[in-house]
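# Reading the structure
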Amino acid sequence: MKIELSVFLTVIFSVLITILVVIELLEERRKTAIKKDTHLKKEKCSVCTSLYFISSGLKYWRCPFCNSLNK
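A brief report on the enclosed structure follows. (Residues numbered from 1 in each chain as written. Predicted model: local features only at pLDDT ≥ 70, side-chain atom pairs only at ≥ 80, totals over all residues. Heavy atoms only, no water.)

Let us look at the overall build of the chain. What the chain contains, in helices and strands, is one helix and four strands. A globule of 71 residues ought to have a C-alpha radius of gyration of about 11 Å, yet the chain, at 25 Å, is considerably larger. Along the first, second and third principal axes, the C-alpha set of the chain runs to 80 × 20 × 15 Å. For the chain, buried positions account for 11% of its 71 residues. For the chain, the share of sequence-separated contacts (at least 6 apart) that also reach a separation of at least 24 residues comes to 4%. Element-wise, carbon and sulfur atoms account for 65% of the exposed surface of the chain, whose accessible area totals about 6,500 Å². Averaging the locations of the 12 positively and 6 negatively charged side chains of the chain gives two centres separated by 13 Å. (Helix = DSSP H or I, 4+ residues; strand = E, 2+ residues; numbered from the N terminus. Rg over C-alpha atoms; globule rule 2.2 N^0.38 Å. Buried < 20%, exposed > 50% of the residue type's maximum accessible area, 1.4 Å probe, protein only. Contact = heavy atoms within 4.5 Å. Areas by Shrake-Rupley, 256 points an atom, 1.4 Å probe, with all protein chains shown as cover. Lys, Arg positive; Asp, Glu negative; His and termini not counted. Charge placed at Lys NZ, Arg CZ, Asp CG, Glu CD.)

Have a look at this one:
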């Protein structure tokens, strides 16, 4: 049984592209799961007393309302 070269290459490339898309989808799902684990804490700006939710890993943050640097 002979297989034409173009059919063979089409099947190989299709399988390769499908595998790459599945790997990319799984990687993106993993990144999304990591982002969901971010814990937020409530902080009050020391200048304008506005309340904001910021990432708990930040030591310094800038108030979006008055643009002051807070600790």
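With respect to the helices, strands and loops of the structure, Ser 68 is situated in the loop between β3 (61-62) and β4 (69-70). What makes Ser 68 buried here is its relative accessible area of 14%. Look past the residues within four positions of Ser 68 in its chain and what remains in contact with it is Cys 45, Val 47, Trp 61, Arg 62 and Cys 63.

As a further point, take the packing of aromatic side chains. Under the definition given, this model contains one aromatic pair. Ring centres 6.1 Å apart and planes at 65 degrees place the aromatic pair Tyr 52 and Trp 61 in the edge-to-face group. Both residues of the pair, Tyr 52 and Trp 61, belong to the buried class. (Phe/Tyr/Trp six-rings, centres within 6.5 Å; stacked < 30°, edge-to-face > 60°.)

The subject of this paragraph is the environment of Arg 62. Here Arg 62 lies in strand β3. Spatially, the C-alpha atom of Arg 62 lies 25 Å from that of Thr 32, the residues being 30 residues apart in sequence. For Arg 62, the contacting residues outside a window of four places in its chain are Asn 67, Ser 68 and Leu 69. Within the local environment of Arg 62, its side chain forms a polar contact with the backbone oxygen of Asn 67, the two atoms lying 2.9 Å apart. (Polar contact = N/O pair within 3.5 Å; in protein donor to acceptor, adjacent residues only side chain to side chain.)

The next subject is the side chain of Ser 50. Among the structural elements, Ser 50 can be located in the loop between β1 (40-44) and β2 (51-55). Apart from the residues lying within four places of it in its own chain, the contact partners of Ser 50 are Glu 43, Lys 44, Cys 45 and Phe 65.

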